[in-house]
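Structural overview
Chain by chain, the residues run as shown.
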Amino acid sequence: MISIVLLSVLGIANLFLGFLRSNRMLLPVAMLILVVVFGANVLDWNAASQSYFNNMLTIDRYSVAFTGIVVLTTLLLLPFSEKYVRDGEANLAEYYSLLLFSLVGAIMMVSYDNLLMLFVGIEILSISMYVLAGSDKRNVRSNEAALKYFLMGSFATGILLFGIALVYGATGTFQLTQIGAGVANPANASFTPMLYIGMLLMFIGISFKVSAAPFHYWTPDVYEGTPTFFTAFMSTVVKTAGFAAFLKLLMIAFSSAQSFWIPTIMAMTVLTLLIGNVGAVAQNSAKRMLAYSSISHAGYLFIGLVALNGKLSANGIFFYSLAYSIATVAAFAVLKLVIDQRQREDYDGLNGLAKTNPLLAFVMTVAMLSLAGIPLTGGFFGKFFLFGAAVDKGHIGLVVFAVVMSMVGIYYYLRPVIAMYMRPAIDEEDATPVAVTGFQSAVLVLLALLTIVLGVLPSLVSNLL
């Protein structure tokens, strides 16, 4: 709860710093705010579970763990917004404040115990992202991305809210535990059709937020048009919060209806893995490839939902979200630095990077290997834990299909590596070293080290929940 209060108050205070017209203060202040929030969140780790707002929101180890991921991800991402500081971006204070407000929504999504609190959290997060997607007002693609995201997101929100209304009509409550009791009660059998329709509509609304097929169509265009810094935030924080919310909903509210929703989620898993991986193979833009990569990773996280075996699934999704977020931040950070200087998003823009910037090439390689699930990286154990949870529940065919899709993923994740190490720069401008500050280099090294540590010592965080 302290994290939500701090982010809300300090986010508003950060807005007023914009009046000072001193962008150089904004980045250190924003990072300091996140350090304070992360520290406050850590202090809640061993505290007793507490409920707030008439039991609508609960702070426990589950919420603290996923809050830690979204705050840490944002903290590691912020140094790569330094170009906005150098360029004297007039709206930088608003951008940082919107990021802080979106974190409030994300924390609500991982801490909710009431469907209304889930809806409020999703809206706070989504509205902030609609604005940030169109933050590059001079770029037509950014404007298009914001419009597409807003229009499709509005429809998804309406569908989600309609589903919440139907679930309330079938069970008479918004509280997750009471919904779970109502679903399990044979006396409510006459309301089953209404409940099932409500569940499906809720699944559609949340699946849109996490870029799961067949509700993924917005993702490639929005990711490509949104400024790269905010795309990285969108593909990590939004996805982590979405799956934490999804898992909590299925574990507490709908666990008694598994016979109905498991086939649905399983079909979405297969479709998401297929579209994400096959779509990524066909891309020539590294940024658009990462958009399809984000879709495919939603498919892997869906496997944890299909398994749904208590702490095994929760720990698996937590570890995967952490490993995926760190690797994705590293990949987008390198890509942003390259795009800012070379002004190109395709694979050719990465040509010769190993020669001009060995550190950037190394960090990008570690990130790609982790996203591909190669051993000795966090991504390998992320897949291992999720696949293990699914096998434990007997979903062997699904795991085999996911392994095949992982093999497909190796192809497109190695394309940036080949471009960096095996192809020369196209022209003299691309042969110039990419400008990187000392602080950004330190953060990139930290991201690579975290990815490797998760791959070598996964037990450090694999059983926290």
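How each quantity is defined
- Residues numbered from 1 in each chain as written.
- Predicted model: local features only at pLDDT ≥ 70, side-chain atom pairs only at ≥ 80, totals over all residues.
- Heavy atoms only, no water.
- UniProt positions renumbered as here; feature names shortened; annotations may be inferred.
- Helix = DSSP H or I, 4+ residues; strand = E, 2+ residues; numbered from the N terminus.
- Rg over C-alpha atoms; globule rule 2.2 N^0.38 Å.
- Buried < 20%, exposed > 50% of the residue type's maximum accessible area, 1.4 Å probe, protein only.
- Contact = heavy atoms within 4.5 Å.
- Areas by Shrake-Rupley, 256 points an atom, 1.4 Å probe, with all protein chains shown as cover.
- Core = buried A, V, L, I, M, F, W, Y, C linked by side-chain atoms within 4.5 Å.
- Polar contact = N/O pair within 3.5 Å; in protein donor to acceptor, adjacent residues only side chain to side chain.
- Expected span 1.5 Å × (residues − 1).
- Phe/Tyr/Trp six-rings, centres within 6.5 Å; stacked < 30°, edge-to-face > 60°.

An unreviewed UniProt entry lists the protein under the name NADH-quinone oxidoreductase subunit N, with Hymenobacter cavernae given as the organism. Reading the Sequence similarities (unreviewed entry) entry of the UniProt record for the protein gives the comment "Belongs to the complex I subunit 2 family." In UniProt, the protein has this text filed under Subunit (unreviewed entry): "NDH-1 is composed of 14 different subunits. Subunits NuoA, H, J, K, L, M, N constitute the membrane sector of the complex."

**Considering the overall build of the protein**
The number of helices and strands found in the protein is 19 helices and two strands. For the protein, whose C-alpha radius of gyration is 21 Å, the value lies close to the compact-globule estimate of 23 Å for 465 residues. Along the first, second and third principal axes, the C-alpha set of the protein runs to 75 × 55 × 40 Å. Here the protein holds 465 residues, and 60% of them are scored as buried. Look at the contacts in the protein between residues 6 or more apart in sequence, and 81% of them connect residues 24 or more apart. Total accessible area on the protein stands at roughly 17,100 Å², and carbon and sulfur atoms take up 70% of it.

**Considerations on the nonpolar core**
In this structure, Leu-115, Leu-249, Phe-254 and Trp-261 are the most contacted members of the largest nonpolar core, which totals 166 residues. By residue number, the principal contributor to this core is helix H14 (residues 311-342), which donates 20 residues.

**A short note on the environment of Gln-178**
Within the secondary structure, Gln-178 is located in helix H8 (residues 176-184). A C-alpha to C-alpha distance of 7.6 Å links Gln-178 and Ala-253, two positions 75 residues apart in sequence. A distance of 2.9 Å separates polar atoms of two side chains, one belonging to Gln-178 and the other to Thr-173.

**A short note on the side chain of Thr-228**
As for its placement among the helices and strands, Thr-228 is situated in helix H11 (residues 228-253). Setting aside chain neighbours within four positions, we find Thr-228 in contact with Lys-287, Phe-332, Lys-336 and Ile-339.

**Structural notes on the environment of Asn-41**
If you trace the backbone, Asn-41 turns up in helix H2 (residues 23-43). Distance from Asn-41 to Val-71, taken between C-alpha atoms, is 9.2 Å for residues 30 residues apart in sequence. Once you skip the residues sitting within four places of it in the chain, Asn-41 turns out to touch Ser-3, Val-64, Thr-67 and Gly-68.

**Quick word on the UniProt feature "domain: NADH:quinone oxidoreductase/Mrp antiporter transmembrane" (unreviewed entry) in the protein**
Following the UniProt record, one finds the feature "domain: NADH:quinone oxidoreductase/Mrp antiporter transmembrane" (unreviewed entry) at residues 113-407. Secondary structure content for residues 113-407 is 80% helix and 0% strand, while the C-alpha to C-alpha distance between its ends is 38 Å.

**Observations concerning the environment of Val-36**
Locating Val-36 in the fold gives a position in helix H2. Given a relative accessible area of 39%, Val-36 falls into the partly exposed group.

**Examining H11**
For H11, with 26 residues, the first-to-last C-alpha span of 36 Å sits near the 38 Å given by 1.5 Å per residue. In terms of burial, H11 is a largely internal element, 24 of the 26 residues being buried.

**Focus: the packing of aromatic side chains**
Counted by the stated rule, this structure contains 24 aromatic pairs. Each ring, one from Phe-66 and one from Phe-318, has its centre 5.7 Å from the other, and the planes form 90°; the classification is edge-to-face. Of this pair, Phe-66 sits in helix H3 (residues 61-77) while Phe-318 sits in helix H14, and the two are 252 residues apart along the sequence. Classification of Phe-66 by relative accessible area gives buried; the value is 0%. Judged by its relative accessible area of 5%, Phe-318 is buried.

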